[in-house]
Amino acid sequence: MKRILQDERGMALAVAIFAMVVVGALVAGAFFAGTQEQRVGENQRRVQASFGVAEAGAQERVLSWDPATMNKRAQYPADSVAIATTNAPNGSGSYGGYSYKVGPSLFLIDVTGRDRASAAGAIAGGGGARQRIGMITRIAPVDFGIHASLTTQGGVKLGGNADVNGNDQVPTGWTGCDPAGPPQPGVRDNGANVTTSGNGAIQGNPPIVNDPTINNSSFTTFGGATYAQLAARATITLPGGNYTTDAVVTNGVCDKTVLTNWGDGMNPLSVCASYFPIVHLTGTTTLNNVQGQGILLVDGDLNVQGSYQFFGIVIIQGDLKTAGGGSTDAHFWGGVMSQNADLSVQNLTGKATLNFSSCSINAVLQATSPISMMRSRGWVQLY
């Protein structure tokens, strides 16, 4: 027995070493598992942060959308617009990407968001995260409620060769228009008197329609915007006065810095043909030669003389008066809404012609309307 005990001398040291190895392995395993858990959590946090940055970038692109430069671009793959690298709010990262026009009214906003570590360049060394999302948006036009060549709540007096035509017409030389729609009324009012003299004429189906729902708000509140909101978005703001407006081309480029350049609807192949400004006139105005297009907002009365032509949507808070002259007519192509809050008479004389044109209205709305997300799920995660 004594010899056996002597043979077991040194076992305690071996057991202690073995136990230390086992405990060390357990500690190392626990440390490794904890480190991995921490890394997974940190990576997940960075992924969520970069996803939030990408989503914020897409929303910011929608809010800062410029219809004048974006809506009329060529469809993909003919064209794309880069989204410059931009720092996200609160320094949470950065985003960038591209915008693509994928249909007549549809756009894809492709945004890649990076968290703070990625934005600092750490992603090359294995740190940081990035997420890429695509958002489908569409042009959201304002519903002006234009259902006639002339909409008013006051009386209308036509004289001379004045003509108000509700039949859908295409402006001279314009191409790419949809087929003409059904005829609209020539004059739509709330029951006021409409009289003609001389060769004055009203055409449409019916020529005159009485709509008792027309009131002051019909000229200030529309589907998707108000008159004040449209005025705040105006491309051009001018005081009341006498103006002659026409397209201005400088060095082969449409010069949009000239405040009397309101586009070129008379020459649909010119460089200013795609320029559809929102023009806000803050007082009573007289237009005498030559042309304009877009959305025209007039706080007071509007007097149109000579051969002036306007293509698009006209909203007047006062009265409309026209007087033809020269060898051409004074024309409106699109739709005119004149409130005349004092319930005075619209005076259309001379060779003034108001032509309803859905092509002109749609072209203006396509060029001036902001975009919005699709009502259903409008975004998808891209890789």
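Cut-offs and rules
- Residues numbered from 1 in each chain as written.
- Predicted model: local features only at pLDDT ≥ 70, side-chain atom pairs only at ≥ 80, totals over all residues.
- Heavy atoms only, no water.
- Helix = DSSP H or I, 4+ residues; strand = E, 2+ residues; numbered from the N terminus.
- Rg over C-alpha atoms; globule rule 2.2 N^0.38 Å.
- Contact = heavy atoms within 4.5 Å.
- Areas by Shrake-Rupley, 256 points an atom, 1.4 Å probe, with all protein chains shown as cover.
- Lys, Arg positive; Asp, Glu negative; His and termini not counted.
- Charge placed at Lys NZ, Arg CZ, Asp CG, Glu CD.
- Core = buried A, V, L, I, M, F, W, Y, C linked by side-chain atoms within 4.5 Å.
- Buried < 20%, exposed > 50% of the residue type's maximum accessible area, 1.4 Å probe, protein only.
- 1 Å grid on protein atoms, 1.4 Å probe; cavity = no way out; pocket = protein on both sides within 12 Å on 5 of 7 lines; lining within 4 Å.
- Points joined across faces, edges and corners; volume = space filled by probe spheres on them.
- Nonpolar A, V, L, I, M, F, W, Y, C, P; charged D, E, K, R; others polar.
- Expected span 1.5 Å × (residues − 1).
- Disulfide = S-S within 2.5 Å.
- Salt bridge = Lys/Arg side-chain N within 4 Å of Asp/Glu carboxyl O.

Q: Explanation requested: the overall build of the protein chain in the structure shown.
A: Helix and strand content of the protein chain: six helices and 27 strands. Here the protein chain has a C-alpha radius of gyration of 33 Å; the compact-globule value for 383 residues is 21 Å, and the former is much larger. Projected onto its principal axes, the C-alpha positions of the protein chain cover 145 × 50 × 35 Å. Sequence-distant contacts in the protein chain: of pairs separated by 6 or more residues, those separated by 24 or more amount to 58%. Surface accessibility of the protein chain: about 18800 Å² in total, with carbon and sulfur atoms responsible for 56%. Each charge class in the protein chain was averaged separately, 23 positive and 24 negative side chains, and the resulting centres sit 16 Å apart.

Q: Sorry if this is basic, but what is going on with the nonpolar core here?
A: One recurring pattern in soluble globular proteins is that nonpolar side chains are buried together. Counting 30 residues, the largest nonpolar core has L150, W262, L296, L302, L320, F332 and L348 as its most contacted members. Sorting the residues of this core by element identifies β6 (155-158), β14 (236-238), β18 (278-281), β19 (285-298), β20 (302-305), β21 (309-316) and β23 (330-338) as the ones contributing at least two each. Apart from the residues lying within four places of it in its own chain, the contact partners of L320 are L150, L302, F332, V336, S338, Q346, N347, L348 and L354. The next biggest cluster of nonpolar side chains, apart from the first, holds 28 residues, and it includes F144, I313, W333 and I361.

Q: Explain the layout of surface pockets here, please?
A: Vacant regions in the atomic arrangement are exposed by a probe of water-molecule size rolled over the atoms. Reported here for the largest pocket is a volume of approximately 540 Å³. Around the largest pocket sit 22 residues that line it, and K72, T175, G176, C359 and A363 are the ones nearest its centre. Ranked by the residues each element gives to the lining of the largest pocket, the list is headed by helix α6 (residues 358-368), at five residues. Each residue belonging to the lining of the largest pocket can be placed in one class, and the counts come to nine nonpolar, nine polar and four charged. Estimates place the volume of the second largest pocket at around 290 Å³. Per-class residue counts for the lining of the second largest pocket are 12 nonpolar, three polar and three charged.

Q: Would you mind showing me how to read helix α2 (residues 11-63) here?
A: Given 3.6 residues to a turn, an α-helix orients residues that are three or four positions apart in the same direction. Here α2 spans 77 Å end to end across 53 residues, near enough to the 78 Å set by a 1.5 Å rise per residue. When we look at burial in α2, the residues that qualify are T35, S50, F51, V53, A54, G57, A58, R61 and V62.

Q: Got a minute to help me understand the state of the cysteines in this structure?
A: Each disulfide is one covalent bond, formed between the sulfur atoms of two cysteines. All told, the structure shown has two disulfides when counted by the stated rule. A sulfur-sulfur distance of 1.8 Å marks the disulfide that ties C177 to C359. What sets the handedness of the C177 and C359 disulfide is the S-S torsion sign, and at about -50° it is left-handed. With C177 in the loop between β7 (163-165) and β8 (187-189) and C359 in helix α6, this residue pair connects regions lying 182 residues apart in the sequence. Given the relative accessible area of 22%, C177 is considered partly exposed. The disulfide that involves C254 links it to C272, with 2.1 Å between the sulfurs. Since a negative S-S torsion denotes a left-handed disulfide, the C254-C272 link at about 110° is right-handed.

Q: What exactly am I supposed to notice about the pattern of salt bridges here?
A: Oppositely charged side chains can pair when the atoms bearing their charge come close. What the rule picks out here adds up to four salt bridges. A salt bridge links D115 to R46; the nearest nitrogen and oxygen atoms lie 3.9 Å apart. In this pair, D115 sits in strand β3 (residues 106-115) while R46 sits in helix α2, placing the two residues 69 residues apart along the sequence. For D115, a relative accessible area of 4% translates into the label buried. A salt bridge links D211 to R188; the nearest nitrogen and oxygen atoms lie 3.0 Å apart. With D211 in the loop between β11 (208-210) and β12 (221-222) and R188 in strand β8, this residue pair connects regions lying 23 residues apart in the sequence. In this structure, D211 and R188 share a single accessibility class: buried.

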